[in-house]
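Chain residues, written in single-letter form:
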Amino acid sequence: QVQLVESGGGLVQAGGSLRLSCAASGTIFSISAMCWYRQAPGKQRDLVAAITNGGSTNYADSVKGRFTISRDNAKNIMVYLQMNSLKPEDTAVYYCNARSFKGIDYWGQGTQVTVSS
């Protein structure tokens, strides 16, 4: 089992920045990739950014050039999402996700990000 705990959400004005953090623990050796998803009210949960064990990254088109995903494997796994130039449409609950080599998904509890105009 993998446990994920997010932090760093909050309220910010448009154009501002936030940094989300996700701490992974448990059977972290089983993880192949770490991702951030988001879900706005009434909408589906969408992939925002992903990073593999090798450090390869990919981003949703809507956040390219504004968001950066990174990870620190020093002890357990820490994954970060640096969000710059935030827009009201970035408002959502952001979820940390870990995907295992067997295709099992683990989810954090989510953290609210609200961007005011």
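Before reading further, recall that the structure is shown in the block above.
The sections below set out a description of the structure shown in this document. Residue numbers run consecutively from 1 along every chain, following the written order of its sequence. A pLDDT threshold of at least 70 governs which residues receive local features in this predicted model, and a stricter bar of 80 or more applies before side-chain atom pairs are shown or counted, although totals over entire chains, interfaces and linings include all residues. The side-chain quantities take in all heavy atoms of the structure and omit both hydrogens and water.

**Considering the state of the cysteines**
Now for step 1: Two cysteine sulfurs form what is called a disulfide whenever their separation falls within 2.5 Å. Summed over all chains, the structure comprises 1 disulfide.
Now for step 2: Across the disulfide, Cys-22 is cross-linked to Cys-96 (sulfur-sulfur distance 2.0 Å). Between Cys-22 and Cys-96 the sulfur-sulfur dihedral comes to about -80°; the bridge is accordingly left-handed. Of the two residues, Cys-22 is situated in strand β3 (residues 18–26) and Cys-96 in strand β9 (residues 92–100); the sequence distance between them amounts to 74 residues. Here the two residues Cys-22 and Cys-96 agree in accessibility, since each one is buried.
Now for step 3: For Cys-35, which is in no disulfide, the shortest distance to another cysteine sulfur is to Cys-96 and amounts to 8.4 Å.
Now for step 4: Remark: exposure states derive from per-residue accessible area (1.4 Å probe, protein chains only) relative to the maximum for the residue type, with buried under 20%, exposed over 50%, and partly exposed in between. Looking at Cys-35, the relative accessible area reads 9%, which means it is buried. Secondary structure follows DSSP: runs of H or I at least 4 residues long count as helices, runs of E at least 2 residues long count as strands, and numbering of each begins at the N terminus.

**Some thoughts on the pattern of salt bridges**
Now for step 1: Just to be clear on terms, a salt bridge is a Lys or Arg side-chain nitrogen sitting within 4 Å of an Asp or Glu carboxyl oxygen. Under the criterion given, the structure shown has 4 salt bridges.
Now for step 2: Two residues, Arg-99 and Asp-105, come together in a salt bridge whose shortest N-O distance is 2.5 Å.
Now for step 3: When its relative accessible area of 33% is taken as the criterion, Arg-99 is described as partly exposed.
Now for step 4: Take Asp-105: its relative accessible area is 31%, and that puts it in the partly exposed class.
Now for step 5: One continuous salt-bridge network, built from bridges that share partners, spans Arg-38, Arg-66 and Asp-90.

**Some details on the packing of aromatic side chains**
The description of two aromatic rings rests on the distance between their centres and on the angle between their planes.
Now for step 1: Geometry of aromatic contacts follows a simple scheme: Phe, Tyr and Trp rings, the Trp one being its six-membered ring, pair when their centres are within 6.5 Å, and the pair is stacked under 30 degrees between planes, edge-to-face over 60, tilted otherwise. The final tally for this structure, using the stated rule, is 2 aromatic pairs.
Now for step 2: Plain terms: the ring middles of Tyr-37 and Trp-107 are 5.0 Å apart, the flat faces sit at 65° to each other, and that makes the pair edge-to-face. Placement of the pair is Tyr-37 in strand β4 (residues 31–39) and Trp-107 in strand β10 (residues 105–107), with a sequence separation of 70 residues.
Now for step 3: For Trp-107, a relative accessible area of 35% puts it in the partly exposed group.

**Observations regarding the nonpolar core**
Now for step 1: Counting residues in hydrophobic clusters, the biggest one holds 30 residues, and the most contacted among them are Leu-4, Met-34, Trp-36, Leu-81, Met-83 and Tyr-94.
Now for step 2: Mapped onto this core, the elements with two or more residues apiece are β1 (2–7), β3, β4, β5 (46–52), β7 (67–72), β8 (77–83), β9 and β11 (111–116).
Now for step 3: Setting aside residues no more than four positions away along its own chain, Leu-81 makes contact with Leu-18, Arg-19, Leu-20, Trp-36, Val-48, Ala-49, Phe-67, Thr-68, Ile-69 and Tyr-94. Nonpolar core, defined: a set of buried Ala, Val, Leu, Ile, Met, Phe, Trp, Tyr and Cys residues in which side-chain atoms within 4.5 Å join the residues together. Whether two residues are in contact is decided by their heavy atoms, any of which lying within 4.5 Å being enough.

**A closer look at the side chain of Ser-100**
Now for step 1: Within the secondary structure, Ser-100 sits in strand β9.
Now for step 2: Not counting the four nearest positions on each side in its chain, Ser-100 is found in contact with Ser-30, Ile-31, Ser-32 and Tyr-106.

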